[in-house]
Amino acid sequence: MDDAPAPAGDNPRYRLDPRTIEMLVCPVTKTRLTLSADGTELISIVARYAFPIRKGVPLLVIDAARRIDEEEAEALRTRPGPGN
């Protein structure tokens, strides 16, 4: 079984609703999460964790997350958001 996340665009059934993303927070810091550019992760810039999204379900547990480095966090901070 392949655990690699498929891009969100592959199957509309597994896309997260933007309103749902707005309600979710980092389980560590309780701060806002940012959707990755490819739509496969929710990122906590403050905690420096990237939480995978599998089949439309965000896995908001530390065991499933990957650490992001300062360079990646800075790129996310300066990335234009929706409406910018």
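Coordinates for the structure precede this section.
This report concerns the structure included in the present document. Every chain's residues receive numbers from 1 upward, in the order its sequence appears when written. For this predicted model, a pLDDT threshold of at least 70 governs which residues receive local features, and a threshold of 80 or more governs which side-chain atom pairs are given and counted, while totals over whole chains, interfaces and linings are taken from all residues. Here the side-chain values reflect all heavy atoms present in the structure, with hydrogen atoms and water set aside.

Some thoughts on the overall build of the protein
Link 1 in the chain: In this text, helices come from DSSP runs of H or I with a minimum length of four residues, and strands from runs of E with a minimum of two, each type numbered from the N-terminal end. On a plain count of helices and strands, the protein comes out with two helices and five strands.
Link 2 in the chain: Buried residues are those whose accessible area, probed at 1.4 Å on protein chains only, stays under 20% of the maximum for their type, while exposed residues exceed 50% and partly exposed ones sit between those limits. Here the protein holds 84 residues, and the buried ones make up 27% of them.
Link 3 in the chain: Accessible surface computed for the protein: about 5,800 Å², of which carbon and sulfur atoms make up 54%. Values of accessible area rely on a 1.4 Å probe in the Shrake-Rupley scheme; residue burial ignores everything except the protein chains shown.

Details of the pattern of salt bridges
Once the charged atoms of two side chains with opposite charge are near each other, the side chains can pair.
Link 1 in the chain: The term salt bridge refers to a side-chain nitrogen of Lys or Arg lying within 4 Å of a carboxyl oxygen of Asp or Glu. Within the structure shown, the criterion is met by six salt bridges.
Link 2 in the chain: A salt bridge links Arg-77 to Glu-70, with the nearest nitrogen and oxygen atoms 3.1 Å apart.
Link 3 in the chain: A single salt-bridge network, built from bridges that share partners, covers Arg-48, Glu-70, Glu-74 and Arg-77.

Here we look at the pairing of strand 3 (residues 49-54)
Link 1 in the chain: When you tally the buried positions in strand 3, you get five out of six residues, the bulk of the element.
Link 2 in the chain: For two strands to be treated as a pair, DSSP must find no fewer than two bridges joining them. Hairpin connection of strand 2 (residues 41-44) to strand 3: four residues between the antiparallel strands, including Arg-48 at a positive phi of 60°.
Link 3 in the chain: Pairing of strand 3 with strand 5 (residues 66-67), which is carried by two bridges, proceeds in the antiparallel orientation. In the strand pairing of strand 5, Tyr-49 is matched with Arg-67.
Link 4 in the chain: The pairing of strand 3 with strand 4 (residues 57-58) spans two bridges and is classified as antiparallel. What sits directly across from Ile-53, in strand 4, is Pro-58.
Link 5 in the chain: With antiparallel pairing between neighbouring strands as the criterion, strand 3 and strand 4 make up a hairpin whose turn holds two residues, including Lys-55 at a positive phi of roughly 50°.

Observations concerning unusual backbone geometry
Glycine aside, a negative phi is what most residues show, and trans is what most peptide bonds show.
Link 1 in the chain: Its identity as a non-glycine residue notwithstanding, Arg-48 has a phi of 60°, on the positive side.
Link 2 in the chain: By secondary structure assignment, the location of Arg-48 is in the loop between strand 2 and strand 3.
Link 3 in the chain: Take Arg-48: its relative accessible area is 30%, and that puts it in the partly exposed class.

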